[in-house]
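Below, each chain spelled out in residue letters.
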Amino acid sequence: MQDKILDGKKVSADIKAELADEIKKLQDKRNITPGLAVALVGEDPASQVYVNMKEKTCKALGIVSHKHVLPADVSEDRLLSLIDVLNNDPEIDGILVQLPLPGHIDENRVLDRIKVEKDVDGFHPVSVGRLVLGQPGFRAATPAGIIELLKRSGVAIQGKEAVVVGRSNIVGKPVALLLLNEHATVTIAHSRTPDLGEVTRRADILVVAVGRREMVTADMVKEGAVVVDVGIHRTDDGLVGDVAFNQVQEKASAITPVPGGVGPMTIAMLMSNTVQAARSRA
Ligand code: NDP
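As the structure is a computational prediction, the values presented were derived from the model and not from experiment.

Peer 1: Hey, could you go over the overall build of the chain for me, with residue numbers and the actual values?
Peer 2: Counting secondary structure elements, the chain contains ten helices and ten strands. For 282 residues, the compact-globule formula gives about 19 Å, and the C-alpha radius of gyration of the chain, at 19 Å, lands near that figure. Its C-alpha atoms put the chain at 50 × 45 × 40 Å along the principal axes. A buried classification covers 49% of the 282 residues belonging to the chain.

Below, the structure is given as structure tokens:
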């Protein structure tokens, strides 16, 4: 049986140590240093925090990070030209555009422009199509991190009843597809689901990606369920998730904390995708 706390901090540290070894081998044997380019538009504080964390992790692992900061009023054409340059730069293995983008920029056009071989965020329609078809390709980092955390913590997925609350393109939908690929029986709930508790109480594995602070309470969780909390909310008492942790942990057989659960896994999987892209260059 797995530990009660699904420790994303520890599991992500294990993954990063494995990646650092692999990066060293790529450098020693093939003279390749993985490169990740990050484009940040505007000065959204949360985006700045995420980009800084990614930069720091790159540095720690031996990945070269190329940060491009553009003003909030930059034109879409200017951002697309930057992506073209990065697409053609042989030193760049992965390209990441920090979301959300300002309203005057068409997010889909920007993500479509990234070369599929450099789409380490896994948001390009071709990457998403490959996920749907169960073909190899880049998987979005947060959903991939959730599956990796479950597997490395000894949680069996095959044959289990999995419920995902939330259907966003970056978390809900892709994590549901990954759970399906792992042979779970998957239900997706969302804001139009009439009786959410009735659906969530069916879950052996409950993934919550709603963006509403501590919305999932103990009465919505089956005894012994594994609960994955994707939500991040900054409060005066620090970070909290979409799950009311204190009461739900009494019922769950395992649960991710916030912070220290899904968050650190997201960055580790982004690094893993970048190393995968560099391996393809080799
Ligand atoms: P979105 O806002 O894009 O999607 C939220 C989803 O939740 C929607 O599908 C929405 O349904 C559904 N929803 C909203 N209210 C309810 C409700 N009352 N009952 C049932 N479903 C509801 O959010 P994201 O998926 O981008 O993010 C979710 C959370 O995860 C956020 O807190 C975000 O900060 C966090 N996050 C954390 C990451 C990490 O690394 N740990 C990475 C990415 C996100 P509908 O489609 O019907 O509107």
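Moving on, there is more to tell.
Peer 1: Could you give an account of the sheet that holds strand E10 (residues 254-255), with specific residues and numbers?
Peer 2: Taken in spatial order, the five strands of this open sheet run E5-E4-E6-E7-E10, and their pairing is parallel. Each edge of the sheet is formed by a strand with only one pairing partner; in this case those strands are strand E5 (185-189) and E10. Strand direction decides the pairing type here: strand E4 (residues 161-165) and E5, joined by five bridges, are parallel. Each bridged residue has a counterpart across the sheet, and for Val-164 the counterpart in E5 is Ile-188. Where helix H7 (residues 172-181) meets the sheet, its contacts fall on E4, E5 and strand E6 (205-208), and the angle it forms with E4 comes to roughly 170°.

Peer 1: Go over the site of the ligand with me, naming the residues and quoting the values.
Peer 2: In the neighbourhood of the ligand, 21 residues make up the surrounding shell, with Arg-167, Ser-168, Ser-191, Arg-212 and Thr-266 lying closest. Between the ligand and Ser-168, the relevant distance is 2.5 Å, taken from an oxygen atom to a side-chain nitrogen or oxygen of the residue. Residue Val-230 places a main-chain N or O atom 3.4 Å away from a nitrogen atom belonging to the ligand. Notes on the ligand: free accessible area 930 Å², of which the protein chains cover 70%. With three residues, helix H10 (residues 262-281) is the largest single contributor of residues to the shell around the ligand. Here the shell around the ligand is built from residues that sort into ten nonpolar, nine polar and two charged.

Peer 1: Lay out the pairing of strand E7 (residues 226-229) with the relevant residues and their values.
Peer 2: Along E7, one buried face is formed by Val-226 and Val-228 and the opposite face, lined by Val-227 and Asp-229, is buried too. One ladder, built from two bridges, connects E7 with E10; its direction is parallel. Bridging across to E10, Val-227 finds its partner in Ile-255.

Peer 1: Before we move on, could you go through the sheet that holds strand E3 (residues 94-97) and cite the residues and values that matter?
Peer 2: The three strands lie next to each other as E2-E1-E3, forming an open sheet whose pairing is parallel. Each edge of the open sheet carries a strand with a single partner, namely strand E2 (64-70) and E3. Averaged over all pairs of adjacent strands, the angle between their axes in this sheet comes to 15°, without regard to strand direction. Relative to E3, strand E1 (residues 35-41) runs parallel, the two sharing four bridges. Note that in E3 the partner of Leu-36 across the bridge is Gly-94. Lying on the sheet, helix H3 (residues 76-87) is in contact with E1, E2 and E3; it crosses E2 at an angle near 165°. Running over the sheet, H10 touches E1 and E3 and is turned about 130° from E1.

Peer 1: An account of the pairing of E2 is requested, with residue identities and associated values reported.
Peer 2: Where a strand is regular, its side chains alternate between the two sheet faces. In terms of strand pairing, E1 meets E2 through seven bridges, oriented parallel. What sits directly across from Val-38, in E2, is Lys-67. Regarding the hand of the β-α-β motif, the stretch spanning E1, helix H2 (residues 45-61) and E2 is right-handed.

Peer 1: Run through H7, naming residues and quoting values.
Peer 2: Residues of H7 that are buried: Gly-172, Pro-174, Val-175, Ala-176, Leu-178 and Leu-179. At the C-terminal side of H7, His-183 shows a positive phi close to 70°.

Peer 1: For the nonpolar core, give the residues involved together with the corresponding values.
Peer 2: Across soluble globular proteins, nonpolar side chains have a tendency to be buried as a group. Formed by 51 residues in total, the largest nonpolar core has its most connected members in Leu-36, Leu-150, Leu-179, Val-207 and Met-271. Broken down by element, the residue count for this core peaks at ten residues, all from H10. Taken domain by domain, the makeup of this core includes at least three residues from each of domain 1 (31-117) and domain 2 (141-263). Discounting chain neighbours no more than four positions away, the residues touching Leu-179 are Ile-147, Leu-150, Ile-157, Ala-162, Val-164, Ala-184, Val-186 and Val-207. Ala-37, Ile-105, Leu-111 and Ala-140 belong to the second-largest nonpolar core, a separate cluster that totals 20 residues.

Peer 1: Give a detailed account of the pattern of salt bridges, specifying residues and quantitative values.
Peer 2: Per the stated rule, a full pass over the model turns up 13 salt bridges. Across the pair Lys-222 and Asp-204 runs a salt bridge whose closest N-O atoms are separated by 2.7 Å. Remark: Asp-204 occurs in the loop between helix H8 (196-200) and E6 and Lys-222 occurs in the loop between E6 and E7; sequence separation between them is 18 residues. Using a relative accessible area of 32% as the deciding quantity, one classes Lys-222 as partly exposed. The class of Asp-204 is partly exposed, set by a relative accessible area of 24%. The residue Glu-214 makes a salt bridge to Arg-213 at a minimum N-O spacing of 3.5 Å.

Conventions used here
- Residues numbered from 1 in each chain as written.
- Predicted model: local features only at pLDDT ≥ 70, side-chain atom pairs only at ≥ 80, totals over all residues.
- Heavy atoms only, no water.
- Helix = DSSP H or I, 4+ residues; strand = E, 2+ residues; numbered from the N terminus.
- Rg over C-alpha atoms; globule rule 2.2 N^0.38 Å.
- Buried < 20%, exposed > 50% of the residue type's maximum accessible area, 1.4 Å probe, protein only.
- Pairing = 2+ DSSP bridges.
- Contact = heavy atoms within 4.5 Å.
- Axes fitted to C-alpha atoms, helices over the stretch in contact; angles between N-to-C directions.
- Near = heavy atom within 4 Å.
- Polar contact = N/O pair within 3.5 Å; in protein donor to acceptor, adjacent residues only side chain to side chain.
- Areas by Shrake-Rupley, 256 points an atom, 1.4 Å probe, with all protein chains shown as cover.
- Nonpolar A, V, L, I, M, F, W, Y, C, P; charged D, E, K, R; others polar.
- Right-handed = clockwise from strand over helix to strand, strands pointing away.
- Core = buried A, V, L, I, M, F, W, Y, C linked by side-chain atoms within 4.5 Å.
- Domains from an automatic or database assignment.
- Salt bridge = Lys/Arg side-chain N within 4 Å of Asp/Glu carboxyl O.

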